[in-house]
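Coordinates in review
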Amino acid sequence: MLYILTHYWSELIQGLGYTLLSSIIALIFSTIIGTMFAIFEVLPNRAMQIIGRVYIEIFRNIPLLVIAMFFYVIIPMYVAKIDGFTAGTIGLTIYTSSFIAETVRAGILAVDDGQMEGARANGMSYWQAMRFIVLPQAFKIVIPPLGNQFINLVKNSSVLAFVAGFDLMYQGNSIASLSLDTINSYVVVGLFYLVITLPLSYYMRHLEKRLA
Amino acid sequence: MKKTYRFLGVIGLLGLLIVGLSACGSRKALSQQDVLTNDKASKTITWGVKADTKLFGLMDVKDNTIKGFDADIATAITKKILGKDGKAKFVQVTSQTRIPLLKNGNIDAIIATMTITPEREKQVDFSNSYFDAGQSLLVKKGSSIKSVKDLNKAGTKVIGVTGANSVANIKKYAPKAQVLELSDYAQAMTALKSGQGVALTTDNGILYGMASQNPGYQVVGGAFTKEPYGIAINKGQGPFKKEVNRALKEIEADGTYNRILKKWFGNVAGFNYKEASR
């Protein structure tokens, strides 16, 4: 195991970098997109609700690998040249956003109706009430399940390996086949994932304690 | 204080996990038993073959069997070792899974377009070579890539398959090119079609199969390496290896080998039958 670590250190660090980068990009955008579609779903507007529903149901129910392969293969053929890293990260963002949308929607629905009504009665517009009254409370409620989604996101970033995205899993496969030491290669890769997910997990717990 | 204990607990747990996992690697199992004796008793040899490679090993969805040159050679060798009623059982492998599966004892031997290399010889034993392959390039018809030299430019993307020897080779022959490793040949071909790379590199036998399936693509530049395929067998299986080599010699001598070669490669454009026959 030490041999794998020392001998393939630069590959592993490169993999860690790409995994981190992809995870951070996907985390930011999937939270934004997810929240957007969650709001669509609770808007008092039938058309918007349907748009939200369709988006969530499509991307929540297709395997991540299929979505990533779609962006890797189909988009470059007909739309724009994108490489594996971009395709994988887009796929990861869209896939995760559908789960985050469902999570945030549950949070919004868990906030008492009276909050929205009270805010409106005090002269706030719908959007102001949503932004300043409902969403902050909703996010507080959904921090634990959101933490789950974020951790899943980091682990799901391993989908990049299948579209040549140079992430940790890609390097892991490559190292395993070069060194022919499959077990230790994947143990090392697993430890590198822990380096990302454990602090994330502890941070989410810390947030939960601080805000609850 | 309580926090420190908890932290130590987590570290300890991780330590146990690692020790546990590495213990899996050192345990002696199925793979230590004598393959030849087991196979003779069960009248079956279990072969690891590719199922995604045209001409060598391809899953036929109509009857769910794997067909190809590798599969036929494996069947012929099985009959020579176990007699007429011997059965060849095929297990689908990829470049990544074949060595772990062999080491676990899930398969008795690998006959899956596997090149004999010194690094691999440290892990497994090889029979005599059963096919003289060499690495080549598959490109879109009309591509500016004519040989491996054309790839040696910064920013050129070449597609390979993870675990295949060809990836290491292309890094040697065209060090400036960027290599994209995909998980199998079907995916690599798809990536080539969608323009993720300008060329697909692997053994010519496989590329001929791909070219015959995809009319818009051709093999260029000829073989730039010598990569004989061998049958991989676990270390310490001397008697089984000897039997495989004997059987291989026999099918070469009695014409079975050439018949199988003709059956699969006879119609492939650009394939040099005279050079490959034995």
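In this text, all values refer to a predicted model and were calculated from it rather than measured experimentally.

Definitions and cut-offs
- Along every chain, residues carry numbers that run from 1 in the direction the sequence is written.
- Naming scheme: in the order in which they are written, chains are lettered from A and ligands are numbered from 1.
- For a predicted model such as this one, the threshold for reporting local features is a pLDDT of at least 70, and the threshold for listing and counting side-chain atom pairs is 80 or more; totals across whole chains, interfaces and linings nevertheless cover every residue.
- Put simply, DSSP marks the helices as runs of H or I at least four residues long and the strands as runs of E at least two long, and each gets a number from the N terminus on.
- Burial is judged by counting the other C-beta atoms within 10 Å of a residue's own C-beta: 20 or more makes it buried, 12 or fewer makes it exposed, and any count in between marks it as partly exposed, with every C-beta position built from the backbone.
- Any pair of residues counts as being in contact when their C-beta atoms, constructed from backbone geometry, are within 7 Å of one another.
- Axis lines are fitted to C-alpha atoms, over the contacting stretch for helices. Their N-to-C directions set the angle, which ranges from 0 to 180 degrees.
- Note on terminology: angles under 35 degrees are roughly parallel, angles over 145 are roughly antiparallel, angles of 65 to 115 are roughly perpendicular, and the others are oblique.
- Left-handed describes a crossing whose near helix is turned anticlockwise from the far helix by less than a right angle; the clockwise case is right-handed.
- UniProt positions are given in the numbering used here, feature names are shortened, and annotations may be inferred rather than shown by experiment.
- Gly falls in the polar group here, along with every residue not listed as nonpolar (Ala, Val, Leu, Ile, Met, Phe, Trp, Tyr, Cys, Pro) or charged (Asp, Glu, Lys, Arg).
- Two strands qualify as a pair provided that DSSP identifies no fewer than 2 bridges between them.
- Here the term right-handed applies to a crossover when the path leading from its first strand over the helix to its second strand runs clockwise, the strands being oriented away from the viewer.
- To define a nonpolar core, we join buried Ala, Val, Leu, Ile, Met, Phe, Trp, Tyr and Cys residues through C-beta atoms within 7 Å and take the resulting set.
- Reported domain spans reflect what an automatic or database domain assignment gives.

1. Some thoughts on the overall build of chain B
- For chain B, the helix and strand inventory stands at eleven helices and 15 strands.
- Counting over 278 residues, chain B shows a buried share of 43%.

2. A short note on the overall build of chain A
- Secondary structure assignment for chain A yields nine helices and zero strands.
- Sequence-ordered secondary structure for chain A, helices as α and strands as β, is α-α-α-α-α-α-α-α-α.
- Within chain A, buried positions represent 42% of all 212 residues.
- By sequence separation, contacts in chain A at least 24 residues apart represent 75% of the contacts at least 6 residues apart.

3. Thoughts on the packing of helix α2 (residues 9–42) of chain A against helix α7 (residues 126–156) of chain A
Residue and element names in this part refer to chain A.
- Closest axis-to-axis distance for the α2/α7 pair is 11 Å, and the angle between their directions is 135 degrees. Taken together, α2 and α7 sit at an angle that is classed as oblique. Crossing hand, α2 versus α7: right-handed. Contacts between α2 and α7 involve Ser23, Ala26, Leu27, Ser30 and Ile39 on the former and, on the latter, Met130, Phe150, Leu153 and Val154.

4. Details of the UniProt feature "transmembrane region" (unreviewed entry) in chain A
Residue and element names in this part refer to chain A.
- Taken from the UniProt record, the annotation "transmembrane region" (unreviewed entry) applies to residues 20–40, 61–79 and 183–203.
- Secondary structure across residues 61–79 comprises 79% helix and 0% strand; the distance between its end C-alpha atoms is 24 Å.
- With 100% helix and 0% strand, residues 183–203 has its two end C-alpha atoms placed 30 Å apart.

5. Observations concerning the interface of chain B and chain A
- On the side of chain A, 18 residues touch chain B, which itself brings 21 residues to the contact.
- Those elements that place two or more of their residues in the side of chain B that touches chain A are α1 (2–26), α4 (98–104), α5 (118–123) and β11 (178–182) of chain B.
- Counting residues per element, the side of chain B that touches chain A draws most heavily on α1(B), at five residues.
- Of the residues belonging to the side of chain B that touches chain A, the class tally is seven nonpolar, twelve polar and two charged.

6. A word on the sheet that holds strand β3 (residues 57–60) of chain B
Residue and element names in this part refer to chain B.
- The strand order across the open sheet formed by three strands is β2-β3-β4, and the pairing between neighbours is antiparallel. Edge positions in the sheet fall to β2 (52–53) and β4 (65–67), since each of these pairs with one other strand and no more.
- Here β3 pairs with β4 via three bridges, running antiparallel. Looking across to β4, one finds that Met59 is bridged to Ile66.

7. Section: the sheet that holds strand β7 (residues 125–126) of chain B
All names here are of chain B.
- Ordered in space as β5-β1-β6-β15-β7, the five strands form an open sheet in which the pairing is mixed. The open sheet has two edge strands, β5 (87–93) and β7, and neither has a second partner.
- Two elements, strand β1 (residues 44–50) and strand β6 (residues 109–110), share two bridges in a ladder whose sense is parallel. Pairing of Trp47 across the sheet is with Ala109, part of β6.
- Relative to the sheet, helix α3 (residues 69–82) contacts β1 and β5, its axis offset from that of β1 by approximately 165 degrees.

8. Quick look at the pairing of strand β12 (residues 199–203) of chain B
Residues and elements named next belong to chain B.
- In terms of residue burial, β12 counts as a mostly covered element, since five of its five residues are buried.
- Across four bridges, the pairing between strand β9 (residues 135–140) and β12 is antiparallel. Bridge assignment links Leu138 to a residue of β12, and that residue is Leu200.
- Looking at chain direction, strand β10 (residues 157–161) and β12 are connected through two bridges and run parallel. Its bridge partner lying in β12, Ile159 is registered against Leu200.

9. A few points about the pairing of β11(B)
- By the criterion of burial, β11(B) is predominantly enclosed, with four of the five residues buried.
- In terms of handedness, the path from β10(B) via helix α6 (residues 165–173) of chain B over to β11(B) forms a crossover that is right-handed.

10. Regarding unusual backbone geometry
- A positive phi angle, close to 60 degrees, is found at A:Phe166, a residue other than glycine.
- By secondary structure assignment, the location of A:Phe166 is in the loop between α7 and α8 (168–179).
- You will see that B:Lys43, though not glycine, has its phi angle at about 60 degrees, which is positive.
- Mapped onto the elements of the fold, B:Lys43 is located in the loop between α2 (35–42) and β1.

11. Quick word on the nonpolar core
- A:Ala68, B:Val49, B:Ala109, B:Ile110 and B:Leu138 are the most contacted members of the largest nonpolar core, which totals 127 residues.
- If you tally residues by element for this core, the top one is helix α5 (residues 84–110) of chain A, at eleven residues.
- Here this core gathers at least three residues from each of two domains, domain 1 (30–132 + 228–276) and domain 2 (135–225) of chain B.
- Leaving out residues up to four positions away in the same chain, B:Ile110 has contacts with B:Gly48, B:Val93, B:Arg98, B:Leu102, B:Ile231 and B:Ala232.

12. Considering the environment of A:Gln128
- When you line up the elements, A:Gln128 lands in helix α7.
- Each C-alpha atom of the pair A:Gln128 and A:Met116 lies 9.9 Å from the other, and the pair is twelve residues apart in sequence.

13. Some words on the environment of A:Phe139
All names here are of chain A.
- Within the fold, Phe139 resides in helix α7.
- Exposure remark for Phe139: the 19 C-beta atoms within 10 Å place this residue in the partly exposed category.
- Taking the C-alpha atoms as reference points, Phe139 and Gly107, separated by 32 residues in sequence, lie 6.5 Å from one another.

14. Observations concerning helix α8 (residues 204–213) of chain B
Residue and element names in this part refer to chain B.
- The buried count for α8 comes to eight of ten residues, which makes it a mostly enclosed element.
- Within α8, burial applies to Asn204, Gly205, Ile206, Leu207, Tyr208, Gly209, Met210 and Ala211.
- Packed against the buried residues of α8 are β2, β8 (131–133), β9, α7 (185–193), β12 and β13 (217–220).

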